[in-house]
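So you can see what is in the structure, the chains are spelled out below.
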Amino acid sequence: MRLDEARRDLYRRLAREQGYKSRAAFKLIESNERYGFLRPGGKVLDLGAAPGGWMQVAAELVGPSGLVVGVDLDKIRLREKNVVSLKMDVHDPGLVAKVEPLLGGKADVILSDLAPSVSGVWEIDQGRQVDLTLRVLEIARALLGDRGSVFCKLFEGERSQFVRDEFRRLFTSVRTVKPAASRNASSELYYFCEGMKKATVPSD
Ligand SMILES: C[S@@+](CC[C@H](N)C(=O)[O-])C[C@H]1O[C@@H](n2cnc3c(N)ncnc32)[C@H](O)[C@@H]1O
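All figures in this text were calculated on a predicted structure; none of them were measured in a lab.

A. Molecular detail of the overall build of the chain. On a plain count of helices and strands, the chain comes out with six helices and seven strands. Put simply, the chain runs from its N terminus to its C terminus through helices and strands in the order α-α-β-α-β-β-α-β-α-β-α-β-β. On C-alpha atoms alone, the chain measures out to a radius of gyration of 16 Å, which is about the 17 Å that the 2.2 N^0.38 rule sets for 204 residues. Seen along its three principal axes, the alpha-carbon backbone of the chain occupies a region of about 45 × 40 × 30 Å. For the chain, the residues scored as buried account for 49% of the 204 residues in total. Residue pairs at least 24 apart in sequence account for 66% of intrachain contacts in the chain once pairs closer than 6 positions are excluded. Only carbon and sulfur atoms are counted for the fraction: they give 51% of the accessible area of the chain, which is about 10200 Å². Averaging the locations of the 33 positively and 28 negatively charged side chains of the chain gives two centres separated by 3 Å.

B. Region of interest: the packing of helix α4 (residues 95-103) against helix α5 (residues 122-143). Interhelical geometry of α4 versus α5 gives an angle of 50° and a closest axis separation of 11 Å. Put simply, α4 runs oblique to α5. For the pair α4 and α5, the sense of crossing is right-handed. Across the interface between the two elements, Leu95, Val96, Val99 and Glu100 of α4 pack against Arg135, Ile139, Ala142 and Leu143 of α5. For the contact of α4 with α5, the per-class residue count stands at six nonpolar, no polar and two charged.

C. Summary view of the packing of helix α2 (residues 25-35) against helix α3 (residues 53-62). Viewed as axis vectors pointing N to C, α2 and α3 meet at an angle of 40°, and their least axial separation amounts to 7 Å. Residues Ala25, Leu28, Ile29 and Asn32 of α2 touch α3, and the partners they reach there are Gly53, Trp54, Val57, Ala58 and Leu61. Split into classes, the residues belonging to the contact of α2 with α3 amount to seven nonpolar, two polar and no charged.

D. Just the site of the ligand, in detail. Among the 20 residues in the neighbourhood of the ligand, the closest are listed as Ser22, Asp72, Asp89, Val90 and Asp113. In this structure, an oxygen atom belonging to the ligand sits 3.0 Å away from a main-chain N or O atom of Gly52. In isolation the ligand has 610 Å² of accessible area, and contact with the protein removes 86% of it.

E. Broad picture of helix α1 (residues 2-18). Here α1 spans 24 Å end to end across 17 residues, near enough to the 24 Å set by a 1.5 Å rise per residue. Buried within α1 we find Asp4, Tyr11 and Ala15. Seen from one end, α1 has its buried residues packed into an arc of 40°, which puts them on one side. In α1, the exposed positions angled more than 90 degrees off the buried face are occupied by Arg2, Leu3, Arg16 and Glu17. Turning to α1, the residues buried within the fold contact α2. Where α1 ends, the next residue or the one after it, Gly19, has phi of about 80°, a positive value.

Basis of the calculations
Starting afresh in each chain, residues are numbered from 1 along the sequence in its written order. Only residues with pLDDT of 70 or above have their local features reported here, since the model is predicted, and side-chain atom pairs are shown and tallied only from 80 upward, although totals for entire chains, interfaces and linings are computed over all residues. Heavy atoms throughout the structure, all of them, feed into the side-chain values; hydrogens and water do not. Helix and strand labels come from DSSP, where a helix needs a run of H or I of at least four residues and a strand needs a run of E of at least two; each type is numbered from the N terminus. Values of the radius of gyration come from C-alpha atoms, whereas the globule rule sets the reference at 2.2 Å times the count of residues to the power 0.38. A 1.4 Å probe rolled over the protein chains alone gives each residue an accessible area, and that area as a share of the maximum for its type sets the label: buried under 20%, exposed over 50%, partly exposed in between. Here, two residues are considered to be in contact whenever any of their heavy atoms come within 4.5 Å of each other. The protein chains shown are the only cover counted for residues, whose accessible areas, like all others here, come from Shrake-Rupley with a 1.4 Å probe. Charge assignment: positive for Lys and Arg, negative for Asp and Glu; neither His nor the chain ends contribute. A single reference atom marks each charge: NZ on Lys, CZ on Arg, CG on Asp, CD on Glu. Angles here are taken between N-to-C directions and fall from 0 to 180 degrees, while the axes themselves are lines fitted to C-alpha atoms, restricted in helices to the stretch in contact. For classification, angles of less than 35 degrees are called roughly parallel, those exceeding 145 degrees roughly antiparallel, those between 65 and 115 degrees roughly perpendicular, and all remaining angles oblique. Should the near helix be turned counterclockwise from the far one by less than a right angle, the crossing is left-handed, whereas a clockwise turn marks it as right-handed. Under the grouping applied here, Gly and all other residues not named as nonpolar or charged are polar, the nonpolar ones being Ala, Val, Leu, Ile, Met, Phe, Trp, Tyr, Cys and Pro and the charged ones Asp, Glu, Lys and Arg. Nearness is judged by heavy atoms alone; a residue qualifies as near a molecule or strand once a single heavy atom is within 4 Å of it. Distance and chemistry together define a polar contact, namely a pair of N or O atoms within 3.5 Å, with one atom able to donate a hydrogen and the other to accept it when in protein, and with adjacent residues in sequence counting only for side-chain atoms on both sides. Working rule for helices: expected span equals 1.5 Å times residues minus one. Relevant arc is that of directions from the helix axis to the C-beta atoms, nothing else.

See below:
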């Protein structure tokens, strides 16, 4: 646990020094170094994006010819030129219609670091996080381009196996990542999914 705290402090300090809005930025940097999904010119949709650390990283990597659209319940304030922020609940049924014109088409990458505000009761929080992740898959069906990929967080617990099965139903390749900046004690894992299957029947 002490090691976890020291590591958290280290990433907080690094984020401050490098001008990132969150230490979470380093989870994305490390995962992208492994899989290389954020490429120049890419269109990225970031769900649960506030305060904006992942958006900053993605904006740097897609460069001026790329675009990052971030959605969150909270307002996101960033200076980068190739970013657009939208204050919206991801469960809002109007999200796809609102985001598609902002992206100017389909996304190359959908990111999700979505996490509910903590109630203190793990079963409730985990259940809500699973619902958020299932919503990410629904959005991916509508907004992800043919060769697109999804990088998203999932809290381990009840129904997480069901979500993993959904990942595999929708994508040909699903890989699990536990970035160094994610605390060992935290039951969050990240999944990198690519190769969306075309004939997937949407689940209820
Ligand atoms: C861990 S934070 C994301 C940190 C972000 N990746 C970064 O690097 O700055 C999780 C975010 O999910 C957002 N969130 C939770 N439920 C949401 C919902 N229903 N719709 C939109 N955003 C939501 C929270 O407001 C919070 O900002």
